[in-house]
Amino acid sequence: MALAARPYYELSSPTLLAREPANDDGDARPAPDWLGWQDMYMHLESRRAAMYAWRLPWWKTCGEIARYLLPRRYQYFVTANTYDRGQRRDSNIVDSTGTLDGQTAAGGMMSVLSDPDRPWYKIGPAAPGIELDRAAAMWFDDVTERLRYIQQESDFYESLAQAYEDLVFFGTAVAIDYEDGEDVFASRNPCAGEYFLAAGPDYSN
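### Digging into the overall build of the chain
Right, on to step 1. The helix and strand inventory of the chain stands at five helices and two strands.
Right, on to step 2. Ordering the α and β elements of the chain from the N terminus gives α-α-α-α-α-β-β.
Right, on to step 3. Across the 205 residues in the chain, those meeting the buried criterion constitute 22%.
Right, on to step 4. Put simply, 60% of the contacts in the chain that link residues at least 6 apart link residues at least 24 apart.
Right, on to step 5. For the chain, the accessible surface area stands at approximately 15,400 Å², while carbon and sulfur atoms represent 57% of it.

Dropping the structure here:
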């Protein structure tokens, strides 16, 4: 099939997906009442408002950390059309020892836990004690090598290095993997102040 004839969703690219029209040719029908979309919307909005209120004290703490250690990894006000790009934000840093020490610690975590120059993981069955035949072992090895290749060719390790740095300075980090038509996925790291963290009913996520 020619590339131009393939639907956008098969190319696994958010940019191409965004080119798809929001609606179809006018055949859209309202969702049945039993789907409960209004209830779901109200639940999600209240959840977002609760997370925003819960984040405020942590937001202030992260702001103080960023002010003296890592000012460009924090957003004081997450608003659209902010025209402060390129401006100096390090006027409160008198001694950069803390910043350099934190970056050294992040680099050490990267080299010990996930060094790009050595195989630091291997995919296999989740349950211990399972005996694999040759075909299954070859399949796991093949998947492992494919994943390593994708990580090496994409920006995965750059994103991972930024996540380690955020962990050292702010105690938490977020890395989001987006589908990409050329590199399979592209990793992005929202800075402190741009995301919410919350626990589910079982406190696992």
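### Here we look at helix 3 (residues 97-113)
Right, on to step 1. With 17 residues, helix 3 should cover 24 Å at 1.5 Å per step; its first-to-last C-alpha distance of 24 Å lies within 8% of that length.
Right, on to step 2. Along helix 3, the positions that sit buried rather than exposed are Thr99, Gly102, Ala106 and Met110. Take helix 3 and look down its axis: the buried residues cluster within an arc of 80 degrees, on one side only. Turned more than 90 degrees from where helix 3 packs its buried face, Thr104 and Val112 sit exposed.

### Digging into the packing of aromatic side chains
Right, on to step 1. Tallied over the entire structure, the rule returns six aromatic pairs.
Right, on to step 2. Relative to Phe196, the ring of Tyr52 lies with its centre 6.5 Å away and its plane at 65 degrees, an arrangement referred to as edge-to-face. Of this pair, Tyr52 sits in helix 2 (residues 37-68) while Phe196 is found in the segment after strand 2 (184-188), placing the two residues 144 residues apart along the sequence.
Right, on to step 3. Between Trp139 and Phe140 the ring centres are 5.2 Å apart and the planes differ by 75 degrees, which places this aromatic pair in the edge-to-face class.
Right, on to step 4. Among the residues examined, Trp139 registers a relative accessible area of 52% and is labelled exposed.
Right, on to step 5. Note on Phe140: relative accessible area 16%, which makes it buried.
Right, on to step 6. Taking NZ or CZ as reference, Arg148 lies 5.3 Å from the ring centre of Tyr121, over its face.

### Considerations on the nonpolar core
Right, on to step 1. Of all hydrophobic cores here, the largest spans eight residues; its members are Trp59, Cys62, Ala66, Leu70, Tyr74, Phe169, Phe170 and Ala192.
Right, on to step 2. Within the residue set of this core, elements represented by two or more residues are helix 2 and helix 5 (156-170).
Right, on to step 3. Counting residues per element, this core draws most heavily on helix 2, which supplies three residues.
Right, on to step 4. In this structure, Ala106, Met110, Leu160 and Phe185 belong to the second largest nonpolar core, which totals seven residues.

### Things to note about the pattern of salt bridges
Right, on to step 1. The final tally for this structure, using the stated rule, is seven salt bridges.
Right, on to step 2. Close ionic contact of Asp166 with Arg73 constitutes a salt bridge, the shortest N to O distance being 2.7 Å. You can see Asp166 sitting in helix 5 and its partner Arg73 sitting in the loop between helix 2 and helix 3, a full 93 residues away along the chain.
Right, on to step 3. In this structure Arg73 comes out as buried when scored by relative accessible area, which is 14%.

### Quick word on the packing of helix 3 against helix 5
Right, on to step 1. Where helix 3 meets helix 5, the axes come as close as 8 Å, and the angle between the chain directions of the two elements is 130 degrees. Taken together, the axis directions place helix 3 and helix 5 in an arrangement best described as oblique. Helix 5 is crossed by helix 3, and the crossing has right-handed handedness. The residues of helix 5 that touch helix 3, namely those facing Gly98, Thr99, Gly102, Gln103, Ala105, Ala106, Met109, Met110 and Leu113, are Tyr157, Leu160, Ala161, Tyr164, Glu165, Leu167, Val168 and Phe169.
Right, on to step 2. Of the residues contributing to the contact of helix 3 with helix 5, the split by class is 12 nonpolar, four polar and one charged.

Cut-offs applied
- All residue numbers refer to position in the chain's written sequence, counted from 1.
- Reporting of local features is limited, given that this is a predicted model, to residues whose pLDDT is at least 70; pairs of side-chain atoms are given and counted only at 80 or more, and all residues count toward the totals for whole chains, interfaces and linings.
- Working from all heavy atoms in the structure, the side-chain values ignore hydrogens and water.
- Helix numbers and strand numbers start at the N terminus; a helix is a DSSP run of H or I with at least 4 residues, a strand a run of E with at least 2.
- The buried label goes to any residue with under 20% of its type's maximum accessible area, the exposed label to any with over 50%, and the partly exposed label to all in between, with areas taken from a 1.4 Å probe on protein chains only.
- We call two residues contacting when some pair of their heavy atoms lies within 4.5 Å.
- Using the Shrake-Rupley algorithm and a 1.4 Å probe, accessible areas are obtained, with residue cover drawn only from the displayed protein chains.
- Any helix carries an expected span of 1.5 Å times its number of residues minus one.
- In this description, one arc is meant: the one made by directions from the helix axis to the C-beta atoms.
- Working definition: rings of Phe, Tyr and Trp (its six-membered ring) pair if their centres are within 6.5 Å, and the pair is stacked with planes under 30 degrees apart, edge-to-face with planes over 60 apart, and tilted otherwise.
- A ring is considered to have a charge above it if a Lys NZ or an Arg CZ atom is located within 6 Å of its centre and within 35 degrees of its normal.
- To form a nonpolar core, buried Ala, Val, Leu, Ile, Met, Phe, Trp, Tyr and Cys residues must be joined to one another through side-chain atoms within 4.5 Å.
- A pairing counts as a salt bridge when a side-chain nitrogen of Lys or Arg comes within 4 Å of a carboxyl oxygen of Asp or Glu.
- Throughout, an axis means a line fitted to C-alpha atoms (over the contacting stretch in the case of helices), and angles, computed between N-to-C directions, take values from 0 to 180 degrees.
- Here the angle decides the label: under 35 degrees means roughly parallel, over 145 means roughly antiparallel, 65 to 115 means roughly perpendicular, and every other value means oblique.
- Crossing handedness follows the turn of the near helix against the far one: under a right angle anticlockwise gives a left-handed crossing, and clockwise gives a right-handed one.
- Just so you know the grouping, Ala, Val, Leu, Ile, Met, Phe, Trp, Tyr, Cys and Pro go in nonpolar, Asp, Glu, Lys and Arg go in charged, and all remaining residues, Gly too, go in polar.

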